[in-house]
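Breakdown of the fold
The residues making up each chain are set out below.
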Amino acid sequence: MGDPEQDPAERPDLRTPALALAAWAGGLLGLLCPPPVLAVVLGVLVVTGAFLGRRARRRGRVGPDALRAVGGCLLVLVGVAVVAGVRVAVVAQDPVTLLAADAATVRAAATVTSDPRLREGGFAPYVLLRARVHEVSARGARVRTSAPVLVVADASWRDVDLGSRVELTGRLEPADGGDLAGLLVARGAPDVRAPPGVLWCGADAVRASVREAVAHRPPSQAGLVPALVVGDDSTLPDDLEADFAATGLTHLLAVSGTNLTLLVGFLLLAARWCGVRGRWLHLVGAVGIVGFVLLARTEPSVVRAAAMGTVALIGMGSNGPRRGTRSLGVAVTALLLVHPWYALSAGFALSVLATAGILLLAPGWRDALARRAPRWLAEAITVPAAAQLACTPVVAAISGQVSLVAVVANLLAAPAVGPATVLGLLAGLVGLVWPWAATLVGTVASWCVAWIVLVARRGAALPTAAVDWDTSAAALALLTALCVGIAVLLPALLRSRGGLALCAGATAVTLGVPLPTPGWPAEGWVLAACDVGQGDALVLRAGPDSGVVVDTGPEPALVDRCLSRLGIDRVPLVVVTHFHADHADGLPGVLRGREVGAVEVTAVAEPAEGAEAVSRAAADAGVVVRVPAYGETRRVGEVTVQVLAPLPGVAPAAGAEGDAANDASLVVLAEVGGTSVLLTGDLEPPGQEALAASVPGLTVDVLKVPHHGSRHQDLDLLLSLGAELALVSVGEDNTYGHPSEEVLDPLEDAGVEVGRTDEQGDLLVVPGDDGPELVTAD
């Protein structure tokens, strides 16, 4: 971590980080251990620590400084564990928690504590927001409380302002861990009793002004500027978000310590330019931090980001590494005392690890590289590299991927992040007074983010932007060991010309040469069911590098990755069976970097948001959208496709949702390589009965089980098809109960082999001597 002869004042102080680790361990104990077990564990630790400390002091084998350090760690561990245990007990005994355990219907008065988030459900959009319940009425009693809850409501709640006081009626349900006392499923529209306070209204005005200042720019730029400034990604295109994930730039879309460091750092520079000095600068910095938290919202993730950003600012000052590591330890310990649930937060772990990587790893790497390169360039390379390496194991555990382009992408994007963030905030502030001037400043900010968008787009299109990584304990331990090895060896490599050339060559090969995937796809495959979570995405092989895609799943990145592994560069036809998110939202991932001929859709444009998103994505890519006629048959490369449903004149009414919209699914009969396949979308029993009546005696080799194996099926139709293989495209541990044993058991009893993406990953169908065979990647 730098030169052994380095000035001690410049060396990191590891004592407070050790206290932070003890606090983290205490938080985990307090949150995960039942009270009796916690009491026993803490008692044993205290007694054992006292005994060993006394014994070591008597024998003189350990110095007093070491004993004080160990004692301090033990004291912090016990303190945070007790605080966490007490907080968990308080939440568990809260009246809201007790009512949630009984699934009680309540009337509640609450304050909204987060921005509403609109989500696409299986049948209709819904809104999620956090609130703090002040009063709850149920079973003839009214109780005052202060309990955090997660509110699930219909789309009418999407415009409720943060800080509003509302009253609502709904059903309480138990929350899945965390600091929440319950899940409150609201009924009807919100009853707003009081608007937000002045500070919240001011923050909302600035956020709206930022969005307005860039509204005239292309969607990718108009969505990215607010995300950079205050973490507002509500207007960010889905495909761009997927590109950021693939290139390790996702941290730019959320409120992070980087945002605070840039904005408050700029504020301090401006204050110094205006002549502010001494303690007044500290006041300016404090005001900037408070303002940042109000703008970005006072949610736990924002408070965490503000703390880590403050640590980064301290680390940038004199005696940076030493003061920075001390501040990091103090910040982690304080945050865990205030909010013990951070100990279980992946976001908290990533923030701490990134900050620690910058403070502990980057200085040594920078000094080593500075022998061969300008210091500013060494700094620009090593800071994102250190942060990325420190976070890699946790990112892999969360996403199942390791980004190979993250360091290069962050390095290239970094020069534009600061100007874009500062100019975006400046545009928001100016827009409160001079909207026309804000548009000019916003335009310059959007020019800056255009470069970041280009980096993300090009990086995601590289052959090996990211690789899959197993999330088992052994695989993650191996990845952690690799990261530790790199951290130790990298300074020596960077000091020598040969080592530097080796690093540069390895980077070039990693970015430009696709990693081999032996045996995948299997030779002669005709059909693939992509593992895209809870959704459908299937590929019919139309040629050596060509495929017909039927549905695109919920996430662009997932279907894009599947098509890349299959070697699909050309898609002459995309069929979107219906517009629910789990079938249509991945379309940008299919369009990205491929030659696409046409998109065919059902005639029923419901839900409207889904239909508009498909049309917009296709239009942006210059691809025609059309509705095929019933019975239309055509040949696309090696694939013959025929539309069997919906029947002409049989369609749900406008505004139809749920089962009715599912029954408007395009049903496709395909033949490829001598194998017949029936692709059914989310067809429900009424639609299945109509299909059976319209095509009597239909038989196929492979069936895509309708609606992810839902228990609502016409089993007579499914069994009459005589399929040898049945594919179920479904997400692991989904909350819908898909697939149902009531469907799988009859199919298997009839001799049908069933393949499931939730258990087997990507599935391939390969023609065999005795019929179609199922092949998996495992």
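This text gives an overview of the structure that appears in the document. Note that the structure is a prediction, hence the values are computed from the model and not measured.

Some words on unusual backbone geometry
For the bond running from A645 to P646, omega is 5°, close enough to zero to count as cis. Along the chain, H738 connects to P739 via a cis peptide bond; the corresponding omega equals -10°. For P739, the location among the structural elements is in the loop between strand 21 (725–728) and helix 26 (741–749). Of note in the backbone geometry, A103 takes a positive phi value of approximately 55° without being a glycine. Its location among the elements puts A103 in the loop between helix 4 (95–101) and strand 1 (105–112).

Quick look at the sheet that holds strand 19 (residues 675–679)
Spatially, seven strands are ordered 16-17-18-19-20-21-22 in an open sheet, and the strand pairing comes out mixed. Strands at the two margins of the open sheet, each flanked by one partner only, are strand 16 (633–636) and strand 22 (753–756). Averaged over all pairs of adjacent strands, the angle between their axes in this sheet comes to 20°, without regard to strand direction. Against the sheet, helix 26 makes contact with strand 21 and strand 22, and its axis sits at roughly 140° relative to strand 22, the strand it touches most.

Overview of the state of the cysteines
Tallied over the full model, the rule gives one disulfide. Covalently, C530 is tied to C562 through a disulfide, its sulfur atoms 2.1 Å apart. Because the sign of the S-S torsion sets the handedness, a value of about -70° for the bond joining C530 and C562 places this disulfide among the left-handed ones. In this pair, C530 is assigned in the loop between strand 9 (527–529) and strand 10 (538–543) and C562 in helix 19 (residues 556–566), connecting sequence segments 32 residues apart. Residue C530 shares its accessibility class with C562, and that shared class is buried. With no disulfide partner, C391 has as its closest neighbouring cysteine sulfur the one in C483, 10.0 Å distant.

A look at the pairing of strand 12 (residues 570–576)
Within strand 12, five of the seven residues are buried, which leaves it mostly tucked inside the rest of the structure. Two strands pair when backbone bridges link them, and strand 11 (residues 546–550) and strand 12 are joined in this way by four bridges, in the parallel orientation. Considered in strand 12, the bridge of V549 is made with V574. As defined by bridge partners, strand 12 adjoins strand 13 (residues 595–596) across two bridges and the pair is classed as parallel. The residue of strand 13 that forms the bridge with V571 is V596. One ladder, built from three bridges, connects strand 12 with strand 14 (residues 598–601); its direction is parallel. Within the sheet, the bridge partner assigned to V574 lies in strand 14 and is V599.

Parameters at a glance
- Residues numbered from 1 in each chain as written.
- Predicted model: local features only at pLDDT ≥ 70, side-chain atom pairs only at ≥ 80, totals over all residues.
- Heavy atoms only, no water.
- Helix = DSSP H or I, 4+ residues; strand = E, 2+ residues; numbered from the N terminus.
- Pairing = 2+ DSSP bridges.
- Axes fitted to C-alpha atoms, helices over the stretch in contact; angles between N-to-C directions.
- Contact = heavy atoms within 4.5 Å.
- Disulfide = S-S within 2.5 Å.
- Buried < 20%, exposed > 50% of the residue type's maximum accessible area, 1.4 Å probe, protein only.

The quantities given are spatial measurements derived from coordinates; they are silent on function.
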